[in-house]
Structure formats: C-alpha cells, structure tokens
Amino acid sequence: MKKILLGCLTSLLLALAVPSFAEAPEKLVRSAYQLLDNRFRLDHGIEEVTLVVYRKPGAGPIVLVQPDGSKLYAHTSPQNVSWYDEDSFDLITITKPIPGPWQIVGSIDRRNAIEILSAIELQVTEAPKVLYQHERIKLTAELFNYGDRINSDAFYRSTELDLFLIRRTLNQPNPALNPGSADRMGKFYDNGTGLDAYPRDGIFTGEVDIRQKPGRYKLYARVSNKTFQRAAVQDIELKPLPIEANIVRIADNALRVEYTVDANEIKLDTVAINLMVTGANDFQYPLTLVEPNNSTFSMDLDFVARTGDYRIGGWLFADDQSGREVAIEIPKERFSVIKAAPTFLSKDEVEPEQSPEIVLEGDVLPASEQPDATDPESELAADAESGGIAWWVWAIAGSVGLLLIVGGVVFVILRKRKKAAKTGDENDDSDDDGDIDLNRPEDR
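Residues numbered from 1 in each chain as written. Predicted model: local features only at pLDDT ≥ 70, side-chain atom pairs only at ≥ 80, totals over all residues. Heavy atoms only, no water.

Along its length, the chain carries four helices and 25 strands. For the chain, the residues scored as buried account for 33% of the 444 residues in total. Of all intrachain contacts in the chain linking residues separated by at least 6 positions in sequence, the fraction that spans at least 24 positions is 66%. For the chain, the exposed area adds up to about 28,300 Å²; of that, 51% sits on carbon and sulfur atoms. (Helix = DSSP H or I, 4+ residues; strand = E, 2+ residues; numbered from the N terminus. Buried < 20%, exposed > 50% of the residue type's maximum accessible area, 1.4 Å probe, protein only. Contact = heavy atoms within 4.5 Å. Areas by Shrake-Rupley, 256 points an atom, 1.4 Å probe, with all protein chains shown as cover.)

Spelled out as structure tokens, the structure:
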C-alpha cells in the first residue's frame, strides 16, 4: 500500500514539474529526480533516449534492467545501445527503447539522480549565404531538449563540435554527408577556452577561416560525444577574394604597396585595411589604409631600409554591397632588401654612397648583367671571389695528397712483411729447443 501511494505521489510531482507538456504525455522531457526503487518509465513513441546517470565516488558502471527483464551492461551492449562510462557517471544512448518501467542496478548518487534526454535537437546560427575566400566567420551551436537548452556538466564533458565545408558539383549537387579530414574547418569544445565564454554551458562557439576554392558548398555542423551525434546543414556560396595585392617598384631602392578592392562586392567608403610589415630581428611596422584612389589603396614603403626579407599582410574590414560586415584576411606578400654589388675603385677614386637595392619575389637578373660562362675573364672573376684559387686547383691538390697517404701506407706494410720473412728464415736455422713438430710421427 505504501509503494502504491509513493508511486502516485511521484507521478503527481512529475506532472506538476512539466505542465507545458501535459497535452503530449508520450513525450519524455529532460528530468532530474529521486528514483523510486531505482526505477523510471519510458513511454511509447520515443525514438531515442539519452541517460546521464550519476554514480557514487568509486562505484562501477551501472546495469540497466529493461521492461522485459533483460539486462544491459556497459561493455556488452547490443547495437542499439551506446554506452560511455567515466569515474562519476554513465552516459547511455538507446535507440528505440522498449516502452515501460526500467530499473537501474548500481550505486547512484541521489544528490544528482539521473537526467533523461529524449528529444535532442541541434541549433546552429545561420551562416551568410554568400562568403568570401579567407573570410573569418563566427558560429555558435546549442543542443536543446524539447525547447530547453541542455545544461549538464557530465553530458558536455566529452562533447565536441566539428565544422566541415563540403563542395557541391554539377555531378553531386547533394553530396553524401560523410566528410573527411580535408573538409574539416575546425573542432571546438564547450570548455570556456578561445571564444567560448563559459565552460559546459551548452553553447559551442567556433571561429573559422574559409580558405577553400570558390564554388558552392554545404556547411556541415556536427555535435557528437561518445554515444550520439546531431548535425545541421546549410548551403553557402564561396566567392573569390575581393581584394588584390600588388607591390610595385617606383625606384631602384623604393617600393609602393597597392591594394585593389572589388567595388562590385565591397562598399569602398567602408573599407579599412590594417597591415603589418614584418622582418628580421622582430621588425614590425603597422599600416592602415582608408583613403582610396578610385578603387586602389596605396602607400610608399619608404620606411624599409635595412637589408633582409620582409612580408606584408593583414586584414580587410568593410561592408559588402548587401550591408553585411566582413573581416577578410589578406594573404602575405614577400619582398627583400639586398646590398648593392661591390664597386672596384682605383687609388684616387672615392666609393660613392649607395642605397640598398630592393628585390621583389620573382625578380630575375637582366641578361646584360649576368656573367658569360665562356668568358675567361668571368671565370677569373669567379676564382677571385672564391679566394683567388679555382676549384680544380683544390681538387688536384686533394688527389695528390690522397695518393701520398696511400703510398705511405703500402710502403710501411711491405717493409713489415719483408722484416717478418727475414726473421722467419733465421728461426729455421736455429736449434729446436723442445718445440714439437706436428708433421712428424710420434716416437714409439
């Protein structure tokens, strides 16, 4: 009689806890409550259920008893059951569970009891329909159970968010959603690092740079843990980089950087180009370009004077023609500053003051300035640069030295052999002092 009264009381408390779902009793909502004899009920119509069962410290995995009396174990589960156990909880996902009363066998931590999630849905912030190469976008993903965001520390401890970009082609306008590592843009966790504000609050935050080739893609977001996964798909178009960089020479020792922005895609009056010139010895020089000449933003690099390799790159911040704010990474360009060639002077001449020469990537020495391989004077000049002695002189000297060493070794070996032979003849003439000749028969 007491058990019947307790069962009725528990049912009444559950009904009061979830009044908004009274009109759909077949749906089981997220719940955390004290169990009666470690029992809970799963109604019909549930396609999938996830259980988070908290255990006492040091206790082993629980055992689930199904309504038909059969048991489910952590390490011997059927195909429709995924089971992941940690030190303090069990995470179990069951596809098409048997309706009826279920029982838990094990040491349950009744301070936390269990959580039952039966309608997990993934919601991802909608990405722009049109994106640009090298654009950086921020996306958030959340998991809900019947409209309420799941907020379980144990549930998110092993859950991760993967973002993929899968290319669509004329042959495959709807490609199979089984992306590989080449399609992955990033992996994110609800752990309070990076852009994620709070650990295990149910909100995944990811920021990615899109570097694929222009075309049409499917943006595939997948949240998964050890027992289940949920996915969401969006169609996007990826357009080419709307900015083009060019470094031009305005003098032998002076350069200008120019950035041409596509006015058909970007509003020029909203453009701000933040750049950084980097070089050896931690050299850094920031630049900002905001005033265009037609559609070109330019600045002289007159502050670069020291020899070395340099790179220039940064970010384009602007609004596109639809009014959407974009942040696009500008690929780095490379250039070098080298010393001018030495000048040979007579006694009375004074060396003129020369500025370092700037060389761009891909520059080729003009044919008139390249040495002629058949010219003996150029060969002598090359010899002079290498210290005044040609390479073949060093080769001959090395060969002669090697021959002398080998000859010396052979001489020493022959001399030792001759001396050993002479010593052997003298021993043959000497008396035999008790040595045994093994070639003679024994004396009997």
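Once you've had a look at it, read on.
Here we take up the pattern of salt bridges. Under the definition given, this model contains 22 salt bridges. The residue Arg41 makes a salt bridge to Asp43 at a minimum N-O spacing of 3.2 Å. Given the relative accessible area of 26%, Asp43 is considered partly exposed. The residue Lys239 makes a salt bridge to Glu265 at a minimum N-O spacing of 3.3 Å. Here Lys239 is found in strand β17 (residues 229-239), whereas its partner Glu265 is found in the loop between β19 (254-261) and β20 (272-279), with 26 residues between them in sequence. (Salt bridge = Lys/Arg side-chain N within 4 Å of Asp/Glu carboxyl O.)

In this section: the packing of aromatic side chains. This structure, assessed with the given rule, holds nine aromatic pairs. Ring plane angle 40° and centroid distance 5.9 Å describe the contact between Phe164 and Tyr220, whose orientation is recorded as tilted. Here Tyr220 lies in strand β16 (residues 215-224) and Phe164 lies in strand β13 (residues 160-168), a separation of 56 residues in the sequence. With a relative accessible area of 1%, Phe164 lands in the buried category. Ring plane angle 25° and centroid distance 6.4 Å describe the contact between Trp315 and Phe317, whose orientation is recorded as stacked. Overall, the relative accessible area of 35% leaves Phe317 in the partly exposed class. (Phe/Tyr/Trp six-rings, centres within 6.5 Å; stacked < 30°, edge-to-face > 60°.)

What follows deals with the nonpolar core. Nonpolar side chains in soluble globular proteins tend to end up buried together. In terms of nonpolar packing, the biggest core is built from 33 residues, with Leu143, Phe155, Leu161 and Leu163 touching the most fellow members. Setting aside residues up to four positions removed in sequence, Leu161 forms contacts with Ala141, Gly186, Lys187, Phe188, Phe204, Ala221, Arg222 and Val223. Counting 27 residues, the second largest nonpolar core, distinct from the first, contains Val257, Ile273, Val277 and Val326. (Core = buried A, V, L, I, M, F, W, Y, C linked by side-chain atoms within 4.5 Å.)

As a further point, take the pairing of strand β18 (residues 243-251). Relative to β19, β18 runs antiparallel, the two sharing eight bridges. Along β19, the bridge assignment pairs Asn246 with Glu258. What sits between the antiparallel neighbours β18 and β19 is a turn of two residues. (Pairing = 2+ DSSP bridges.)

The next point concerns the side chain of Gln133. In this structure, Gln133 sits in the loop between β10 (130-132) and β11 (135-145). Owing to a relative accessible area of 16%, Gln133 belongs among the buried residues under this scheme. Every residue in contact with Gln133, bar those within four places of it in the chain, is listed here: Ile210, Gln212, Lys213, Pro214, Leu238, Lys239, Pro240, Leu241 and Ile328.

So, on to the sheet that holds strand β4 (residues 71-72). Read across the sheet, four strands follow the order β1-β7-β3-β4 without closing on themselves; strand pairing throughout is antiparallel. Each edge of the sheet is formed by a strand with only one pairing partner; in this case those strands are β1 (39-42) and β4. As defined by bridge partners, strand β3 (residues 63-65) adjoins β4 across two bridges and the pair is classed as antiparallel. Paired with Val65 across the bridge in β4 is Lys71.

All right, on to the sheet that holds β17 then. Here we have five strands laid out as an open sheet, ordered β10-β17-β16-β13-β14, and mixed in their pairing. Sheet topology places β10 and β14 (184-189) at the edges, where each strand pairs with a single neighbour. In this sheet, adjacent strand axes meet at a mean angle of 30° when their direction is disregarded. In the sheet, β16 pairs with β17 via ten bridges, with the strands oriented antiparallel. Bridging across to β17, Lys218 finds its partner in Asp235. (Axes fitted to C-alpha atoms, helices over the stretch in contact; angles between N-to-C directions.)

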